[in-house]
Amino acid sequence: MKFADIGGVTLHFDHRPTAGARHLVFINSLGTDFRIWNAVTEALGDDVSTLVYDKRGHGLSDLGATPCSIEDHVDDLSGLIDHLGIVDVVLCGLSVGGLVAQGFYARRPEMVSGMVLCDTAHRIGTRESWNARIATIEKNGIGAIADAVMKAWFTPAFHERRASELAGCRNMLSRQSVAGYAATCVALREADYTAAAASIAVPTLCVAGDRDGSTPPALVRSLADLIPGSRFEIIEGAGHIPCVEQPAALVSLLRDFMAALPSGNR
């Protein structure tokens with residue numbers, strides 16, 4: 001296990017550099033830890049350098065000060081990348097991770113060669129929906145919303161055929177810190193990157209699971225429409241977490257995207 005103190009917040013991460021290969025940095029969704037990327041990073045092997053980490057308030061990372069914003073998450077990621085001496089990145093952000101990716105690009109565009117924005121948007125949810133979720137988990141715990149979240153995360157086929165994986169993912173969600181989950185909900189409630197999206201000037205791939213119940217394909221497409229020259233792809237047979245449900249399809253998209261990027265560091 002690897003840990004780093006970034007601005008007073010201990011972050012849990014895994015860094016697998018490959019000499020001469022671009023860095024692909026994965027940023028998690030709400031209520032998950034970096035294990036959701038295991039099948040993807042294993043399939044990519046040594047073809048790329050990879051960095052995964054637990055967001056503050058998730059997995060084995062510290063909570064940090066609350067309330068927090070997407071900019072606080074950007075601080076964490078920026079500090080971790082600098083700590084590791086990485087100078088050129090391709091960002092792959094899922095859900096709230098996609099907002100963190102957009103925030104990182106807005107702050108340090110010179111470091112970013114490309115972005116893959118999975119099941120995310122420029123703005124996710126409403127103030128009322130986030131306030132209601134925060135109130136529910138603070139009163140009754142994350143377990144109170146776990147079944148509904150699983151329906152948004154995974155397709156009916158996953159529920160029917162992959163029961164043990166479903167149970168494990170439900171455990172991962174339910175065992176997250178309530179304070180960390182709520183703090184990230186606050187960050188999501190306040191985040192709006194609508195204007196910033198139009199300024200993205202690197203190759204960008206927007207990806208949506210066809211059965212995503214959290215950020216439906218139409219919402220992800222609306223983000224793609226804001227980003228000049230972006231590409232939009234749908235992964236069939238996937239909900240909100242395609243890196244778990246359909247990792248091979250996501251890996252194929254990532255390989256094609258990485259191969260098409262201009263060579264050399266920015």
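Residues numbered from 1 in each chain as written. Predicted model: local features only at pLDDT ≥ 70, side-chain atom pairs only at ≥ 80, totals over all residues. Heavy atoms only, no water.

1. Topic: the packing of helix 5 (residues 143-153) against helix 7 (residues 163-174)
Stated formally: Orientation is described by axes fitted as lines to C-alpha atoms, over the contacting stretch for helices, and by angles from 0 to 180 degrees between their N-to-C directions. Put simply, DSSP H or I for four residues or longer makes a helix, DSSP E for two residues or longer makes a strand, and each gets a number counted from the N terminus. We call two directions roughly parallel when the angle between them is under 35 degrees, roughly antiparallel when it is over 145, roughly perpendicular when it lies between 65 and 115, and oblique otherwise. A clockwise turn of the near helix away from the far one marks a right-handed crossing, whereas an anticlockwise turn of less than a right angle marks a left-handed crossing. The contact criterion used throughout is that any non-hydrogen atoms of two residues lie within 4.5 Å.
Orientation of helix 5 relative to helix 7, taken along the N-to-C sense of each, is 130°, at an axis distance of 10 Å. By the angle class used here, helix 5 and helix 7 are oblique. Helix-helix and strand crossings are classified by hand; for helix 5 and helix 7 the assignment is right-handed. Two secondary-structure elements touch here, helix 5 through Gly 143, Ala 146, Asp 147, Val 149, Met 150 and Trp 153 and helix 7 through Leu 166, Cys 169, Arg 170, Met 172, Leu 173 and Ser 174.

2. Side note on the packing of aromatic side chains
Put simply, the test is: Here the aromatic set is Phe, Tyr and Trp, taking the six-membered ring for Trp, and pairing holds for ring centres within 6.5 Å; pairs whose planes are under 30 degrees apart are stacked, those over 60 apart are edge-to-face, and all others are tilted. Exposed residues in this analysis have more than 50% of their type's maximum accessible area, buried residues have under 20%, and partly exposed residues fall in between, with area computed by a 1.4 Å probe over protein chains only.
Across all of its chains, the model carries three aromatic pairs by this definition. Relative to Phe 154, the ring of Trp 153 lies with its centre 6.1 Å away and its plane at 90°, an arrangement referred to as edge-to-face. The pair Trp 153 / Phe 154 is uniform in exposure class, with both members buried. Owing to a relative accessible area of 1%, Phe 154 belongs among the buried residues under this scheme. These aromatic residues form a ring-pair network of at least three members: Trp 153, Phe 154 and Phe 158.

3. Here's the deal with the UniProt feature "domain: AB hydrolase-1" (unreviewed entry) in the protein
Put simply, the rule is: UniProt positions are given in the numbering used here, feature names are shortened, and annotations may be inferred rather than shown by experiment.
Cross-referencing UniProt, the feature "domain: AB hydrolase-1" (unreviewed entry) maps to residues 24-251 in the present numbering. For residues 24-251, the helix share is 49%, the strand share is 14%, and the end-to-end C-alpha distance is 12 Å.

4. Concerning a nonpolar patch on the surface
Rules: Patches draw on residues past 30% relative accessible area with no salt bridge. Two like charges within 9 Å are joined, as are two nonpolar side chains (Val, Leu, Ile, Met, Phe, Trp, Tyr) within 5 Å. Each accessible area is a Shrake-Rupley estimate made with a 1.4 Å probe; only the visible protein chains count as cover when residues are assessed. In what follows, salt bridge is the name for a side-chain nitrogen of Lys or Arg lying within 4 Å of a carboxyl oxygen of Asp or Glu.
On the surface, a cluster of nonpolar side chains totalling about 370 Å² of accessible area is made up of Met 1, Phe 3 and Leu 60. Residue placement: Met 1 occurs in the segment before strand 1 (2-6). For Met 1, a relative accessible area of 80% translates into the label exposed.

5. Digging into the sheet that holds strand 8 (residues 231-235)
Quick reminder of the rule: A pair of strands is treated as paired once DSSP finds two or more bridges between them.
The sheet built from eight strands is open, its strands ordered 1-2-4-3-5-6-7-8 with mixed pairing. The strands lining the two open edges of the sheet, one partner per strand, are strand 1 and strand 8. Across this sheet, the average inter-strand angle for adjacent strands is 25°, counted without regard to direction. For strand 6 (residues 112-118) and strand 7 (residues 204-209), the ladder comprises four bridges, and the chain directions are parallel. Directly across from Met 115, in strand 7, lies its bridge partner Thr 204.

6. As for unusual backbone geometry
For the bond running from Thr 66 to Pro 67, omega is -5°, close enough to zero to count as cis. Tracing the backbone through its elements, the reader meets Pro 67 in the loop between strand 4 (49-53) and helix 2 (70-83). Phi is positive for Asp 119, which is not a glycine, with a value near 45°. For Asp 119, the location among the structural elements is in the loop between strand 6 and helix 4 (127-140).

7. As for helix 4
Each α-helix turn comprises 3.6 residues. Residues three or four places apart therefore point the same way. Test applied: To estimate how far a helix should reach, multiply one less than its number of residues by 1.5 Å. In this description, one arc is meant: the one made by directions from the helix axis to the C-beta atoms.
For helix 4, built from 14 residues, the straight-helix expectation of 20 Å at 1.5 Å per residue is met to within 8% by its first-to-last C-alpha distance of 20 Å. All of the buried residues along helix 4 are Trp 130, Ile 134 and Ile 137. End-on, the buried residues of helix 4 take up no more than an arc of 75°, which puts them together on one face. Set apart from the buried face of helix 4 by more than 90 degrees, the exposed residues are Glu 128, Lys 139 and Asn 140. Considering only its buried residues, helix 4 is in contact with helix 5 and helix 8 (178-190). Just past helix 4, the residue Gly 141 takes up positive phi, approximately 90°.

8. Comments concerning the state of the cysteines
What counts, and what does not: Note on terminology: pairs of cysteine sulfur atoms within 2.5 Å are recorded as disulfides.
Enumeration according to the criterion identifies zero disulfides in this entry. Unpaired in terms of disulfides, Cys 243 finds its nearest cysteine sulfur in Cys 118, a separation of 7.3 Å. In this structure Cys 243 comes out as buried when scored by relative accessible area, which is 1%.

9. Structural notes on the side chain of Asp 119
To keep things clear, this is the line we draw: Positive: Lys, Arg. Negative: Asp, Glu. His and the chain ends are not part of the count. Think of a polar contact as two N or O atoms within 3.5 Å of one another; within protein, one of them needs to be a possible hydrogen donor and the other a possible acceptor, and neighboring residues in sequence only count if both atoms come from side chains.
Buried and unpaired, Asp 119 has Arg 211 as its nearest opposite-charge partner, separated by 11 Å. From its side chain, Asp 119 meets the backbone nitrogen of Gly 209 in a polar contact 2.9 Å long. Setting aside residues no more than four positions away along its own chain, Asp 119 makes contact with Leu 94, Ser 95, Val 207, Ala 208, Gly 209, Asp 212, Thr 215, Val 220, Gly 239, His 240 and Pro 242.

10. Re the pairing of strand 2 (residues 9-16)
Most of strand 2 sits inside the fold, with six of its eight residues counted as buried. Pairing geometry for strand 1 and strand 2, over five bridges, is antiparallel. Directly across from Asp 5, in strand 2, lies its bridge partner Thr 10. Taking the residues that link successive antiparallel strands as the turn, the strand 1-strand 2 hairpin has two residues, and the phi of Gly 7 there is positive, at about 60°. In this sheet, strand 4 lies alongside strand 2 in antiparallel orientation, the contact comprising four bridges. From the neighbouring strand, Arg 16 faces strand 4, where its bridge partner is Thr 50.

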